[in-house]
Amino acid sequence: ATMPSKVVELANTILKNPITVDVTPKSSAAESVNQSLYYVPKTKKMELCLYLLRNNIKGDILIFRRTKFGVKKLEKMLRKNGYKADSIHGDKTQSAREEALNKFKNKQVSILIATDVASRGIDIDNLDAVINFDIPNVPETYVHRIGRTGRAGNEGNSYSFCAADEKTYILTIEKLIGKSIPVKTEHPYLLDPNAKPEVYIK
């Protein structure tokens, strides 16, 4: 909560030698997380994910997607390509979610894919990386996601995949965290800077 100046004035008239304790704001992205931003066409995100898993990203990885449909689709694709992956989403029972989480914690799978709703309240330590497969439209969600890696003095890494229609989300995230996220251009699926958001005709 903020402390209005009128309240500060009142406090100073009543209290003797008050001490102010400031805690780190929730919006400060973890300093121990190396953040990377990849501009990529929406239709090439799967390919970019595979490319980075093969070349850059190793260890225990948590991948965030916006929808449970997206989670299922990505899980299927990763398994087809030989990756040990599991997921937690709204269609799974609580026991199935717990089973997936335990598999991840016990190193039976190295990739866990989740929606933000399903991942709330789960406790995972020592993550090597977080992938924002879909950019969250709420900037605080980004901070919460990447804060799951780089804990307890360990260094973590976050990778964010941004399509043309998600660029505005990046602007609000950067405004919140007070810095620009480093853009990575050394990958084969670069988004044309002038690309318009893709429109899907069903």
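Here's what I pulled together on the structure shown here. Predicted model, so just to flag it, every value in this text is computed and none were measured. (Residues numbered from 1 in each chain as written. Predicted model: local features only at pLDDT ≥ 70, side-chain atom pairs only at ≥ 80, totals over all residues. Heavy atoms only, no water.)

1. Remarks on the pairing of strand E3 (residues 85-88)
For clarity, the threshold we go by: With a 1.4 Å probe rolled over the protein chains alone, any residue whose accessible area is under 20% of its type maximum counts as buried; one over 50% counts as exposed, and the rest are partly exposed. The helix and strand labels rest on DSSP assignments: H or I over at least four residues marks a helix, E over at least two residues marks a strand, and numbering proceeds from the N terminus. A strand pair is defined by DSSP finding two or more bridges across the two strands. Classification remark: right-handed applies to a crossover when, strands pointing away from the viewer, the course from the first strand over the helix to the second runs clockwise.
Residues Ala85 and Ser87 line one face of E3 and the alternating positions Asp86 and Ile88 line the opposite face, and both faces are buried. Direction of pairing for E3 relative to strand E4 (residues 111-114): parallel, over a ladder of four bridges. Bridge pairing in E4 links Ser87 to Ile113. Regarding topology, helix H4 (residues 94-105) serves as the crossover connection from E3 to the parallel E4, and that connection is right-handed.

2. Examining the sheet that holds strand E1 (residues 33-39)
The strands making up a sheet associate through backbone hydrogen bonding, with each pair oriented either parallel or antiparallel. So the rule is basically this: Lines fitted to C-alpha atoms define the axes here, with helix axes fitted over just the stretch in contact, and angles between the N-to-C directions of these axes take values from 0 to 180 degrees.
The parallel open sheet is built from six strands, whose spatial order is E1-E6-E5-E2-E4-E3. On the outer flanks of this sheet lie E1 and E3, each paired with one strand and no other. Averaged over all pairs of adjacent strands, the angle between their axes in this sheet comes to 20 degrees, without regard to strand direction. Relative to strand E6 (residues 156-162), E1 runs parallel, the two being bridged by seven bridges.

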